[in-house]
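# Structural overview
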Amino acid sequence: MSTLTLRYEVPGDDFTRAGEASSDVKRKLKQLGYNPEAIRKVAIAMYEGEINMVIHAGGGEATVDIDPKQVRIVLTDHGPGIPDVGKAMQEGWSTAPDNVRNLGFGAGMGLPNMKKYTDELRIDTKVGEGTTLYMTVFA
Amino acid sequence: MTIRELADGLRAEILVEGDLTREAETGYVGDLLSWVMARLPEGAAWMTVMGNLNAVAVCSLKDGACIILTENAALDEDARRRAGMEDIPVLRVEDGAYRTALRVAALLGETA
Ligand SMILES: Nc1ncnc2c1ncn2[C@@H]1O[C@H](COP(=O)(O)OP(=O)(O)OP(=O)(O)O)[C@@H](O)[C@H]1O
Ligand SMILES: [Mg+2]
């Protein structure tokens with residue numbers, strides 16, 4: 001297996017479609033016979049990241065590189081950026097608006113979950129410009 | 001105990017059949033999706049009022065055994081379809097989460 005690269009647009013306004021990219025990655029990894037525990041970690045971390053782009057950043061793009069050793073996920077958006085990454089990483093910290101809280105979002109657990117389910121997580125963010133998340137899961 | 005037996009014991013409405021032969025290992029209660037994403041045990045019967053697509057996604061990603069909608073909470077149409085596709089049973093009961101959890105625990109023979 002050489003490197004397989006997958007690219008997705010994550011729509012900004014549509015909760016009913018949020019999660020499509022991570023579902024597709026999960027399906028493709030299963031077809032490749034990837035290690036199930038790694039698939040689970042990738043799917044959970046990417047789902048949380050995708051939802052964050054929809055809720056907090058008006059959508060974005062996802063790129064996933066799959067090779068036999070690891071899965072690398074890059075999520076890029078041009079939303080408001082994260083002013084205090086340290087705070088955002090804390091369990092329970094959330095700026096989610098009321099309308100999405102009614103749907104069950106806003107526990108402030110998404111980023112902590114991404115940290116927990118990945119082997120590497122790096123956040124590049126600039127207020128007013130956007131956010132890029134780099135996540136790696138080892139096979 | 002299988003999900004079908006659990007549904008019978010709870011006299012629950014079965015909104016989506018899914019895999020009713022799966023075993024329920026334990027129960028879990030929660031409505032905040034990322035919280036549940038962090039904590040839902042594999043094979044748990046998940047009691048919640050969240051009947052949306054994202055709840056189905058969480059149950060699928062965490063490999064929960066079924067969703068039990070408490071207090072007659074609504075199941076969205078797209079969530080119903082997705083649960084069917086993912087083979088996740090969705091049950092519904094009148095009782096609130098507390099009473100439902102007591103009943104699930106009794107049926108599964110679990111104590112605090
Ligand atoms: N892509 C992003 N762009 C801008 N802000 C973000 C982004 N992702 C996260 N944040 C900020 O970080 C906070 C914490 O994110 P996290 O995913 O942990 O919680 P949440 O999305 O608010 O709630 P939950 O994920 O539990 O439903 C968010 O409330 C938001 O302020
Ligand atoms: Mg989040």
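In case you missed it, the structure is sitting above this.
Everything quoted here is computed from the prediction, not taken from an experiment. (Residues numbered from 1 in each chain as written. Chains lettered and ligands numbered in written order. Predicted model: local features only at pLDDT ≥ 70, side-chain atom pairs only at ≥ 80, totals over all residues. Heavy atoms only, no water.)

Our next topic: the environment of threonine 111 of chain B. As for its placement among the helices and strands, threonine 111 of chain B is situated in the segment after helix 5 (97-108). Taking C-alpha positions, threonine 111 of chain B is 21 Å from arginine 11 of chain B, a pair spaced 100 residues apart along the chain. (Helix = DSSP H or I, 4+ residues; strand = E, 2+ residues; numbered from the N terminus.)

The full set close to ligand 1 counts 22 residues, and His56, Ser94, Thr95, Gly106 and Gly108 of chain A are the nearest of them. Residues within reach of ligand 1 are spread across chains A and B. At a separation of 2.8 Å, an oxygen atom of ligand 1 approaches a polar side-chain atom of histidine 56 of chain A. The separation between an oxygen atom of ligand 1 and a polar main-chain atom of glycine 108 of chain A is 2.7 Å. Within the complex, 96% of the 590 Å² of free accessible area of ligand 1 lies under protein. At a threshold of 2 Å from the grid points, most atoms of ligand 1 map onto the largest pocket. Of all the secondary structure elements, the ones that give two or more residues to the shell around ligand 1 are helix 2 (36-57) and helix 5 (110-116) of chain A. In terms of residues, the shell around ligand 1 owes the most to one element, helix 2 of chain A, which gives four residues. (Near = heavy atom within 4 Å. Polar contact = N/O pair within 3.5 Å; in protein donor to acceptor, adjacent residues only side chain to side chain. Areas by Shrake-Rupley, 256 points an atom, 1.4 Å probe, with all protein chains shown as cover. 1 Å grid on protein atoms, 1.4 Å probe; cavity = no way out; pocket = protein on both sides within 12 Å on 5 of 7 lines; lining within 4 Å. Sits in = over half its atoms within 2 Å of the grid points.)

One pass over the full model with this rule turns up one cavity of 30 Å³ or more. Considered as a void within the structure, the largest cavity measures approximately 30 Å³ in volume. Lining the largest cavity are Tyr47, Glu48, Ile51 and Phe105 of chain A together with Leu33, Ser34, Met37 and Val58 of chain B. Looking at the lining of the largest cavity, the elements with two or more residues in it are helix 2 of chain A together with helix 2 (33-39) of chain B. For the lining of the largest cavity, the class distribution of residues is six nonpolar, one polar and one charged. (Points joined across faces, edges and corners; volume = space filled by probe spheres on them. Nonpolar A, V, L, I, M, F, W, Y, C, P; charged D, E, K, R; others polar.)

Moving on, we get to the interface of chain A and chain B. Across the contact, 22 residues belong to chain A and 18 residues belong to chain B. Note on chain A versus chain B: buried area summed over both sides is about 1600 Å², and carbon and sulfur give 53% of it. Of all residues in chain A, the largest losses of buried area upon contact with chain B belong to Tyr47, Gly104 and Met109 of chain A, amounting jointly to 26% of the total for that side. Here chain A is connected to chain B by zero salt bridges. At the junction of chain A with chain B, the criterion picks out nine residue pairs in polar contact (both at pLDDT 80 or more). Among the elements of the structure, helix 1 (20-31), helix 2 and helix 5 of chain A are those that each provide at least two residues to the side of chain A that touches chain B. Counting residues per element, the side of chain A that touches chain B draws most heavily on helix 2 of chain A, at six residues. The residue makeup of the side of chain A that touches chain B, split by class, is eleven nonpolar, six polar and five charged. (Contact = heavy atoms within 4.5 Å. Buried area = accessible area lost by both parts, 1.4 Å probe. Salt bridge = Lys/Arg side-chain N within 4 Å of Asp/Glu carboxyl O.)

Summarising the element assignment, threonine 131 of chain A is placed in strand 5 (residues 130-138). Setting aside residues up to four positions removed in sequence, threonine 131 of chain A forms contacts with Leu75, Thr76, Asp77, Gly81, Ile82, Ile123, Asp124 and Thr125 of chain A.

Once their charged atoms are close, side chains differing in charge can pair, the charge on each being opposite to the other. All names here are of chain A. A complete count under the given rule lists twelve salt bridges over all chains for this structure. With a closest N to O distance of 3.0 Å, aspartate 24 and arginine 27 form a salt bridge. Residue aspartate 24 and its partner arginine 27 are located together in helix 1, separated by three residues, close to a single helical turn. The shortest N-O distance in the salt bridge between arginine 122 and aspartate 124 comes to 3.4 Å.

This next bit is on the sheet that holds strand 2 (residues 60-66) of chain A. Residues and elements named next belong to chain A. Taken in spatial order, the five strands make up an open sheet running 1-2-3-5-4, and their pairing is antiparallel. Each end of this open sheet is capped by a strand with a single partner; those strands are strand 1 (4-10) and strand 4 (120-126). Pairwise comparison of adjacent strand axes, ignoring direction, gives a mean angle of 10° for this sheet. Alignment of strand 1 against strand 2, held across seven bridges, turns out to be antiparallel. The residue bridging threonine 5 from the neighbouring strand is aspartate 65, located in strand 2. Its contacts with the sheet put helix 1 on strand 1, strand 2 and strand 3 (70-77), and the angle it makes with strand 1 is roughly 160°. (Pairing = 2+ DSSP bridges. Axes fitted to C-alpha atoms, helices over the stretch in contact; angles between N-to-C directions.)

Bringing helix 1 (residues 3-10) of chain B into the picture now. Residue and element names in this part refer to chain B. Listing the buried residues of helix 1 in full gives Ile3, Leu6, Ala7 and Leu10. End-on view of helix 1: buried residues confined to an arc of 100°, all on one side of the axis. The inward-facing, buried residues of helix 1 contact strand 1 (13-16), strand 3 (44-48), strand 4 (66-69), strand 5 (90-92) and helix 5. Count one or two residues on from helix 1 and you reach arginine 11, which has phi positive near 50°. (Buried < 20%, exposed > 50% of the residue type's maximum accessible area, 1.4 Å probe, protein only. Arc of directions from axis to C-beta.)

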